Amino acid sequence: MDSTTLAELLLVSLYDLAEEQPHSYFFFQLDEIGTRLGATDMGQMIKAVQILETRGFAMLSVGPWSALSAMISGDGISFVENGGETGIIKAYRSNPREIIDIVSREVQAPSESVQNFSQEATPEKTQGLSLNEMIHTNLSRIGLVLVNDPSIETSAREDAIKDLESLKIQLSRSSRNWRLIGMLLDALAEIPSLLPGLKELALVLKKLE
C-alpha cells in the first residue's frame, strides 16, 4: 500500500477516534490509530503520518517515552468529511472490513519489529536534533499542554490551537514573518501553563534570528 493511501486511512481512523471524545483536540498514539485498521508496520505508518503533518492535516508529537502521537487539525477534519483524494476513505466508509483486511496484509510488521520499536526509536529520535526538529519538538510539547490542561476554557483553547497552528506554519517557512511570530507568541503567553514551553521555544528561535 502506498504512503498516500495509508495516510488517508490513518487520517480517517484519527478522525473517528477524535469523534469519540468531548472535543477533537486530543493526541492519539500512532499504534492506537493503526490498530483500528489492522496496521502494525510502524515504518510505513510513520511515513504516512509525516505526509499528514506536511499537508497540515495533523499535528505530531513525541511523548516522554518516544511514543509518536497525532492530533487531527481542522483541515484534516474537512479533508475526511469531503471524502479525501484517493478514494480510499469512501471505500473504507462503504466496506471497512474489506479495507481492514487489505491493511492487515499489506501494513503488517513482524512481531519482533513491533516489540522492539519503542526501544529502537529512542536513540534515533534523540541524537543530533537540528534546529527545525527542536522547534517541532517544542511546538509539540506546547500542543500537548494546551489540549490536556483542564484549567483552560474551551474558547481560549480553540483560539490558542489556531494560533499554534499559525505559528507552526510561519516557522516552517524559509522566509519568516518575525513580527507575526511575535504576536502569536504573545497571544499564547496569555495562558500561564504554556509559558515554560514558550520560553524554551524562544531560546531556540533566537538562534534563527
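Here the residue index of a chain counts from 1 through its sequence in written order. Totals for whole chains, interfaces and linings use all residues, but because this is a predicted model, local features are given only for residues with pLDDT of at least 70 and pairs of side-chain atoms are given and counted only at 80 or more. Computation of side-chain values: all heavy atoms of the structure, hydrogens and water removed.

### Points about the overall build of the protein chain
Point 1. Helix and strand definitions follow DSSP, with helices as H or I runs of at least four residues and strands as E runs of at least two, each counted in order from the N terminus. Check the secondary structure of the protein chain and you find 11 helices and three strands.
Point 2. For every residue, the accessible area obtained with a 1.4 Å probe (protein chains only) is divided by the maximum for its type, and the residue is called buried under 20%, exposed over 50%, and partly exposed between those limits. Sorting the 209 residues of the protein chain into buried and exposed places 40% on the buried side.
Point 3. Contacts are assigned to residue pairs that have any heavy atoms within 4.5 Å of one another. Here the analysis covers contacts within the protein chain between residues at least 6 apart in sequence; of these, 66% occur between residues at least 24 apart.
Point 4. Per element, the accessible surface of the protein chain, about 11,400 Å² overall, is 50% carbon and sulfur. In short, Shrake-Rupley with a 1.4 Å probe defines the accessible areas, and a residue's cover is counted only from the protein chains shown.

### Remarks on the pairing of strand 3 (residues 68-72)
For a regular strand, side-chain orientation follows a simple rule: the groups alternate between the two sheet faces.
Point 1. Within strand 3, five of the five residues are buried, which leaves the element mostly enclosed by the surrounding structure.
Point 2. Side-chain alternation along strand 3 places Leu 68, Ala 70 and Ile 72 on one buried face and Ser 69 and Met 71 on a second face that is also buried.
Point 3. By definition, two strands form a pair when at least two bridges between them are found by DSSP. Direction of pairing for strand 1 (residues 28-29) relative to strand 3: antiparallel, over a ladder of two bridges. Paired with Gln 29 across the strands is Ser 69, a residue of strand 3.

### Observations regarding the nonpolar core
Point 1. By size, the foremost hydrophobic cluster in this structure holds 35 residues, and its most contacted members are Leu 9, Leu 10, Met 45 and Leu 52.
Point 2. Those elements giving two or more residues to this core turn out to be helix 1 (3-19), helix 2 (30-35), helix 3 (42-54), strand 2 (58-62), strand 3, helix 4 (74-81), helix 5 (88-94) and helix 6 (96-106).
Point 3. In terms of residues, this core owes the most to one element, helix 1, which gives 10 residues.
Point 4. We define a nonpolar core as any set of buried Ala, Val, Leu, Ile, Met, Phe, Trp, Tyr and Cys residues linked to one another through side-chain atoms lying within 4.5 Å. Counting residues in each nonpolar core, the second largest holds 25 residues, with Ala 160, Leu 164, Ile 181 and Ile 191 among its members.

### Topic: the pattern of salt bridges
Point 1. One side-chain nitrogen of Lys or Arg within 4 Å of one carboxyl oxygen of Asp or Glu is enough to make a salt bridge. By the definition in use, this model includes six salt bridges.
Point 2. Salt-bridge contacts for Asp 16 lead to Arg 93; the nearest nitrogen and oxygen are separated by 2.9 Å. Of this pair, Asp 16 sits in helix 1 while Arg 93 is found in helix 5, placing the two residues 77 residues apart along the sequence.
Point 3. When its relative accessible area of 16% is taken as the criterion, Asp 16 is described as buried.

### Overview of helix 10 (residues 178-188)
Point 1. Every buried residue of helix 10 is listed here: Ile 181, Leu 184, Leu 185 and Leu 188. The arc enclosing the buried residues of helix 10, seen along the axis, measures out at 100°, which places them on a common side. Residues Arg 179 and Asp 186 are exposed on helix 10 and point more than 90 degrees away from its buried face.
Point 2. Close packing links the buried residues of helix 10 with helix 9 (154-172) and helix 11 (195-205).
Point 3. Any pair of N or O atoms that falls within 3.5 Å is considered a polar contact. Within protein, one atom must be able to donate a hydrogen and the other to accept it, and sequence-neighbouring residues count only if both atoms are side-chain atoms. Its side-chain oxygen placed 3.2 Å from the backbone nitrogen of Arg 179, Asn 177 serves as the N-cap of helix 10. Arc, as used here, means the arc of the directions from the helix axis to the C-beta atoms.

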